[in-house]
Every structure is written in C-alpha cells, then in structure tokens.
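Chain by chain, the residues run as shown.
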Amino acid sequence: MPKTLAEMLGSPMLAVATGLGGVMGLLSFNALFCIYLERKISAWIQRRMGPMEVGFHGMLQTVADMVKLLGKQLITPKGIDKPLYHLAPLVVFAPVVAGTSLMAFSGSFALHHIDLGLVLVFTFGGFAVLGIFMAGWGSNNKYALLGAMRSVAQNISYEIPLLLSALSVVMLTTSMGRTVTVGDETVAVQGLNLFHITMVQMDRNVWFIVLQPVAAILFFIAVLAETNRAPFDIPEAESELVAGFHTEYSGMRFALFFFGEYSNMLIGCMVATTLFFGGWSGPLLPGPVWFFLKSYALMAVMMWVRWTYPRLRFDQLMRFCWMVMIPLSIVNLLVTAFFLKVF
Amino acid sequence: MAYLGRILHGFKTLLTGLRITGRESMRKPVTLTYPHVEPKLTGAYRSAIKLIRFEEMDSHDCVACLACEQICPSFCIKIDGGKIEGIKKKRATLFEMDFALCSLCGLCIDVCPTDTLEYSRLYDEAGYDRDWNMDLLEEFRDFEPTFIEQQREREEKEAAAKAAKKAAAAKAKAEADAKKAAEAEKAGGDAPKSGDAPKSGEAPKSGDAPKSGEGSAS
Ligand code: SF4
Ligand code: SF4
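Residues numbered from 1 in each chain as written. Chains lettered and ligands numbered in written order. Predicted model: local features only at pLDDT ≥ 70, side-chain atom pairs only at ≥ 80, totals over all residues. Heavy atoms only, no water.

**Description of the pairing of strand S3 (residues 90-98) of chain B**
Residue and element names in this part refer to chain B.
Now for step 1: Judged from the 7 bridges that link them, strand S2 (residues 77-83) and S3 form a sheet pairing that is antiparallel. The residue of S3 that forms the bridge with Asp80 is Leu94.
Now for step 2: Counting the residues between successive antiparallel strands, the hairpin from S2 to S3 contains 6 residues, one of them, Gly86, with a positive phi of roughly 95 degrees.
Now for step 3: Bridge analysis of S3 against strand S5 (residues 133-135) gives 3 bridges, and the strand direction is antiparallel. Paired with Met97 across the bridge in S5 is Met134. (Pairing = 2+ DSSP bridges. Helix = DSSP H or I, 4+ residues; strand = E, 2+ residues; numbered from the N terminus.)

**Describing the nonpolar core**
Now for step 1: With 73 residues, the main nonpolar core has A:Leu118, A:Phe219, A:Val271, A:Leu275, A:Phe276, A:Met299 and A:Met303 as its most contacted residues.
Now for step 2: Of all the elements, helix H11 (residues 251-276) of chain A adds the most residues to this core, at 11 residues.
Now for step 3: Beyond its immediate sequence surroundings of up to four residues, A:Leu275 is in contact with A:Leu118, A:Ala166, A:Val169, A:Ile197, A:Gln201, A:Phe208 and A:Phe219.
Now for step 4: Counting residues in hydrophobic clusters, the runner-up holds 22 residues, among them B:Ala48, B:Ile77, B:Ile79 and B:Phe140. (Core = buried A, V, L, I, M, F, W, Y, C linked by side-chain atoms within 4.5 Å. Buried < 20%, exposed > 50% of the residue type's maximum accessible area, 1.4 Å probe, protein only. Contact = heavy atoms within 4.5 Å.)

**A short note on helix H1 (residues 2-26) of chain B**
Now for step 1: Compared with an ideal rise of 1.5 Å per residue, which puts 25 residues at 36 Å, H1(B) spans 36 Å between its outermost C-alpha atoms and is within 8% of the ideal.
Now for step 2: Within the span of H1(B), buried status applies to B:Ile7, B:Gly17, B:Leu18, B:Thr21, B:Gly22, B:Glu24 and B:Ser25.
Now for step 3: Where H1(B) is buried, its residues contact helix H2 (12-45), helix H12 (287-306) and helix H13 (314-342) of chain A. (Expected span 1.5 Å × (residues − 1).)

**Quick look at empty space enclosed by the protein**
Residues and elements named next belong to chain A.
Now for step 1: Counted by the stated rule, this structure contains 4 cavities of 30 Å³ or more.
Now for step 2: Taken as a whole, the largest cavity encloses approximately 220 Å³ of empty space.
Now for step 3: Every residue lining the largest cavity is counted, 15 residues in all, and those nearest its centre are Phe122, Gly125, Leu162, Glu226 and Gly268.
Now for step 4: Secondary-structure elements contributing two or more residues to the lining of the largest cavity are helix H5 (117-138), helix H6 (142-176), helix H9 (213-226) and H11.
Now for step 5: Looking at the lining of the largest cavity element by element, the count peaks at 5 residues for H5.
Now for step 6: Broken down by class, the residue content of the lining of the largest cavity amounts to 8 nonpolar, 5 polar and 2 charged.
Now for step 7: By volume, the second largest cavity is sized at about 150 Å³.
Now for step 8: Along the walls of the second largest cavity sit 14 residues, with Ile132, Asn228, Phe245, Phe257 and Glu261 positioned nearest its centre.
Now for step 9: If one sorts the elements of the lining of the second largest cavity by residue count, H11 sits on top with 5 residues. (1 Å grid on protein atoms, 1.4 Å probe; cavity = no way out; pocket = protein on both sides within 12 Å on 5 of 7 lines; lining within 4 Å. Points joined across faces, edges and corners; volume = space filled by probe spheres on them. Nonpolar A, V, L, I, M, F, W, Y, C, P; charged D, E, K, R; others polar.)

**A look at the interface of chain A and chain B**
Now for step 1: With 16 residues of chain A at the contact, the number on the chain B side is 18 residues.
Now for step 2: Taking both partners together, chain A and chain B bury about 1,600 Å²; carbon and sulfur atoms supply 65% of that area.
Now for step 3: A per-residue breakdown of the area chain A buries against chain B is headed by A:Arg47, A:Met49 and A:Tyr309, which together make up 42% of the total.
Now for step 4: Counting across the chain A and chain B interface gives 0 salt bridges.
Now for step 5: Remark: the boundary between chain A and chain B carries 8 residue pairs in polar contact (both at pLDDT 80 or more).
Now for step 6: Listing elements by their share of the side of chain A that touches chain B, those giving two or more residues are H2, H12 and H13 of chain A.
Now for step 7: With 4 residues, H13(A) is the largest single contributor of residues to the side of chain A that touches chain B.
Now for step 8: Looking at the side of chain A that touches chain B residue by residue, the class counts come to 12 nonpolar, 1 polar and 3 charged. (Buried area = accessible area lost by both parts, 1.4 Å probe. Salt bridge = Lys/Arg side-chain N within 4 Å of Asp/Glu carboxyl O. Polar contact = N/O pair within 3.5 Å; in protein donor to acceptor, adjacent residues only side chain to side chain.)

**Focus on the sheet that holds S2(B)**
For sheets, the rule is that strands pair by backbone hydrogen bonds, running either parallel or antiparallel.
Residue and element names in this part refer to chain B.
Now for step 1: Strand order in the open sheet formed by 3 strands is S2-S3-S5, with antiparallel pairing between adjacent strands. At either end of the open sheet lies a strand with only one pairing partner, and these are S2 and S5. If you compare each strand with its neighbour and ignore which way they point, the axes differ by 20 degrees on average. (Axes fitted to C-alpha atoms, helices over the stretch in contact; angles between N-to-C directions.)

**A look at a nonpolar patch on the surface**
Now for step 1: On the surface, A:Ile160, A:Trp322, A:Met323, B:Met1, B:Tyr3 and B:Leu4 cluster together into a nonpolar patch covering about 650 Å² of accessible area.
Now for step 2: At the level of secondary structure, the elements contributing two or more residues to the nonpolar patch comprise H13 of chain A together with H1 of chain B.
Now for step 3: Within the element layout of this structure, A:Trp322 appears in helix H13.
Now for step 4: For A:Trp322, a relative accessible area of 46% translates into the label partly exposed. (Patch = residues over 30% accessible without salt bridge, like charges linked within 9 Å, V, L, I, M, F, W, Y side chains within 5 Å. Areas by Shrake-Rupley, 256 points an atom, 1.4 Å probe, with all protein chains shown as cover.)

**Side note on the side chain of A:Arg47**
Now for step 1: Inspection of the secondary structure assignment puts A:Arg47 in the loop between H2 and helix H3 (61-70).
Now for step 2: The side chain of A:Arg47 is buried and forms no salt bridge, while B:Glu24, the nearest opposite charge, is found at 4.1 Å.
Now for step 3: Beyond its immediate stretch of four places on either side in the chain, A:Arg47 contacts B:Glu24, B:Arg27, B:Lys28, B:Pro29, B:Val30 and B:Thr31. (Lys, Arg positive; Asp, Glu negative; His and termini not counted.)

**Observations concerning the environment of B:Leu41**
All names here are of chain B.
Now for step 1: Mapped onto the secondary structure, Leu41 falls in the loop between H1 and strand S1 (49-51).
Now for step 2: For Leu41, a relative accessible area of 25% corresponds to the partly exposed category.
Now for step 3: Counting along the chain gives 82 residues from Leu41 to Tyr123, while the straight-line C-alpha distance between them is 8.5 Å.
Now for step 4: What Leu41 contacts, discounting residues up to four positions off in sequence, is Arg121 and Tyr123.

**A few points about the confidence of the model for chain B**
Residues and elements named next belong to chain B.
Now for step 1: Taken over all residues, the pLDDT of chain B has a mean of 80, while the share at 70 or more is 86%.
Now for step 2: Taking the mean pLDDT of every element in chain B, the minimum, 46, falls on helix H6 (residues 197-214) and the maximum, 90, on helix H3 (residues 107-111).
Now for step 3: Here residues 199-218 scores under 50 on pLDDT; set against residues more than four positions off or in separate chains, the count is 11 contacts.
Now for step 4: For this predicted complex, the interface confidence reaches an ipTM of 0.71, while the overall pTM sits at 0.71. (pLDDT = per-residue confidence, 0-100.)

**Comments concerning the site of ligand 2**
Now for step 1: Looking at ligand 2, there are 14 residues lining it, with B:Cys62, B:Cys65, B:Leu66, B:Cys68 and B:Cys112 nearest.
Now for step 2: Its residues placed into classes, the shell around ligand 2 shows 12 nonpolar, 2 polar and no charged. (Near = heavy atom within 4 Å.)

**Structural notes on the packing of H6(A) against H13(A)**
Residue and element names in this part refer to chain A.
Now for step 1: Where H6 contacts H13, the two axes come as close as 10 Å, and the packing angle between them is 15 degrees. Classed by the angle they form, the pair H6 and H13 counts as roughly parallel. Along this stretch, H6 crosses H13, giving a crossing that reads as left-handed.
Now for step 2: Partitioned by chemical class, the residues of the contact of H6 with H13 number 20 nonpolar, 7 polar and 1 charged. (Parallel < 35°, antiparallel > 145°, perpendicular 65-115°, else oblique. Left-handed = near helix turned anticlockwise from the far one by under 90°.)

Okay, here's the thing in structure tokens:
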C-alpha cells in the first residue's frame, strides 16, 4: 500500500508544506515544458522549427516568456465586479494544485491516499468552470462573458460522457476482483480509488484500454473538451471572441489562467493514464517515470489533435456531445454492465 | 444504423487527419533560419539596380548618357558626369538611386546603351531615411584614378594599333599602287605620287589632341 507523505514525515503540517511545494514545482515545470512542447509540436506539424534561439533549441524560450509576463503591468478595467475579477484566477488555479496531489504517481508513495480519489479529482476539475465563469462575468466585457457562457455550457455537457466513461472503468475495477494482493497484504478493492484502479490493472496484466476502447476514446475527447483545448476551444475562440474569458486579464493574472489550463491538461492525462494505461506499471524503469512518460505521451497526442483539427462551431459542439458522446457512453456503460453480469 | 455509420465514418476521417499531420511532422522543416544561413534567391529575383563590373576594364561602363535617368518613371536616378581629362571615354562621376522610389520596372536596364546596369541580388538591405539614396559608384570610386590611368593607356594602345593598322593599310595600298604604277609604266605610263604613305600614318595622332581638350568643359 502506498505510504502517504504525512506517514513518512511524521507530521501533517510538514507534509502539507513539502507536498504543496512539490506539487507547485511539478505544475510550474509542467506549464513551462508544455508550452515549449506545444510550440515544438505545432512547428513540426507545420514543418517549421519552433523556438530555436533562446537556449539550446529554444529550451529557455518559455522561461523568457514567463519573465516577460512577470514584468507586465496588471491592467484592471473599469466597471468590473471586483471580488469576482480578482478571485477568478485563483479559483482556476487552486483546485488544480489540490487535484494534482491526489494522483497515483507510484505504488509506494502518495501525497494523499483516499478511497474516493477519482470523485474528488472530478470535483476539483469542476471548479475550473466556476473560475472561468467568474472571470467572464466579473470582467464587464461582452466577449469575456460570451466566452464564459460557452465554457460553462460546454464543460457541463462534456462532464457527462467524461463521468460515464470513467464509470465503466470503475465498474470493471470492482468486478474484476474484490481484492488485490500487494506484497504480503491483501486489500479490498475500492473502485473509486486511483491506486486500486492501477493495482487491478497490474494484477490482471491488462490495461483497461484493451477492455474499454470506446470508453477510452470518449474519455479522451471529453478531457479535451473539459480543458478547453482545440478543437473544443470555443470559449477562447480568438477569431471570434478576442480571447474569450481572459480577454481582460493581463500579466501574471493571465499567466495563472494559462497555468491552470496546462495543469488541467496534465491532470486529465494523468487520470487517463491511471484509468486506461495502467498507471505507474511498466518494466525496468521506476513507477513514477512510467507514470509521467505515459501522461506526457497523452499530452503530446492532445497537442497533435489540437494542431490537426479546426475549431468546432458551437452548435456542432453541442450536437456532438448530446447526439454522439452521451448516447455512446451510456450504451458503453450498459454493455459493460451486461457483460460483467453475464460472465 | 445510419447513425452509427456516420459516427464511424467521422471517426475514420479524424484518424485520416491525424495521419496526415503526423506524417507531415516527420518531414524535414522547410524553415530557413535566416540570419544564420543565406537564402537561395530565385533566378528572377530583382533588387536595387547596380552597375556591372566588366572584366576587361575592371570597372563599370556608365558613360553618363542620362538615358536611364530620363526613362525612369519614378525619377529616382540622379547622374552626373561626362568627359574626363586625359581619356576619350565619358564617365559618370555621380550615380545615385533612391531605392525607396524605385519600382524595379527595369526600364533603365533595358535602355542603357552600354548594358552596364543589372538588378543586384540584395535581400537584406534596410533604409534609415525616408529617401533611401544608394550610391552606386561607391565600390568603384577608389579605383577610378587607376581606371582612368589604365583607360588612357588602353586608348593609347588602341590608337597606336589603329595607326599601325592604318599605316600598314596605306603601305599596302602604296605598294599596290606602286605595282600598278610599275605595271602601267611597263605599259608605257609615268610613275604617280609615291610619297603618300608616311603622311597618312601620322594623321590620327595629331587629330586626337583637340578632342580630349574640350571634354572637361561639360
Ligand atoms: S528599375 Fe525602373 S524605377 Fe527603378 S531606377 Fe530603373 S527605371 Fe527607375
Ligand atoms: S543609361 Fe547606362 S550609360 Fe547611360 S547613364 Fe544610365 S547607366 Fe550610364
């Protein structure tokens, strides 16, 4: 069973401090790295080279950009809803930190270990919508408001297939074995525990993407929509809405939204890794390495997708969700339930 | 069924899209890392006009005829020049072109009687003024005195060669005349003036002097 940080350090306060530091470090690195990766991947797809000048192959480009953002003036528009406007970046950002700390990085170590991990991750994921809507509403700007409304409609719709496809994995987890043996102890499997989901996959030597391909694809698409990534980036739609909900944000406040978006992507990919790609399991290399390798491979696919497809129109987006994603995920769930009952 | 078919079809097209971008991303970038490498200009690339450096004279051959200045639709060429002390050839002493106005129409190149204009292959030039005067003679200026010297020698040599040729021609003519005369004599006539040849050899040299003198006036 994974040891939590508090158990290892012996003091909850110390654990909170180090855990927070670690997660923040990870997320900062993630944001810097992902922006770099995104630029490189978009460049390769368009047969360009991407950043090449700052540092070796442009490695320090995002660091330079961060410095630039830090130095920018924070412009506060007139007529805003002050508390909402100022709180919004934090509301987008804080849940991301909490969500990341729930991840099942490895079998022997955890920041938190709770049986309802999956539920909590999705709950924190839901906060992002709130933050985005606060930003849009508080900005006193029609583009921001439109972007925020789109974002809410989109996020709430796509949460349904996201949860339904995750649910079929949970059902699979609980049904494939009531217990798993780790070392010399036997644990009762909790379907919503991220660690247990990984352990069941390791125990049965199968990744759930093999058993649940449809759910995996639906989940991946829903994650794309949840994180407002192209082709589902209509809340930002720079050709129609300037920049969507963060139109009125500048400097570090804007950077926080960006930070939040990339962190949300990472969380989505980490959950997908846990649910469908066997989490930290893998030969030779230590668990966390495998975990992050898989997560970043998924991340690269997300970027690949982004630079391949054009943005959907809003009605197309909604139709796709309600006419395709949700029925398919319900059918998938029913079929899974049927097979689990019969066999 | 149609519903499922459409979903499957859509999914297939999505994969096709991914395949295309995936394939493209594997190919070599077409980026030209410009300041680090020199761009390959196309053959038809046109940039500011420049004076051609002819090998045999190691300089341009602008004779300041002003044909280009007059034909230029943008009025961007400014030329001064003319006769130079000591040589027969006329030379430009000022050749400025305002590249900010030039439309690269090429009329000046076509009209030049000595074919000494061509498009240059500049590609990273920048102007720091509203009028962007380029001094086309700049690269030739240092060499100009030497050029004039050489040109004079060349002209002298040419003149000498011409004179020699003329002399030879005259001599040949005189000989032929002499032969004819001899034949005529044989036939019964008398020998006509045979002192012509040396006189005609001197003639071109003495004609030169007044011409080169008037050049500096213009
Ligand atoms: S190219 Fe045309 S516009 Fe330019 S200098 Fe020559 S004649 Fe004038
Ligand atoms: S047309 Fe040619 S020779 Fe005449 S002034 Fe122009 S460049 Fe010189």
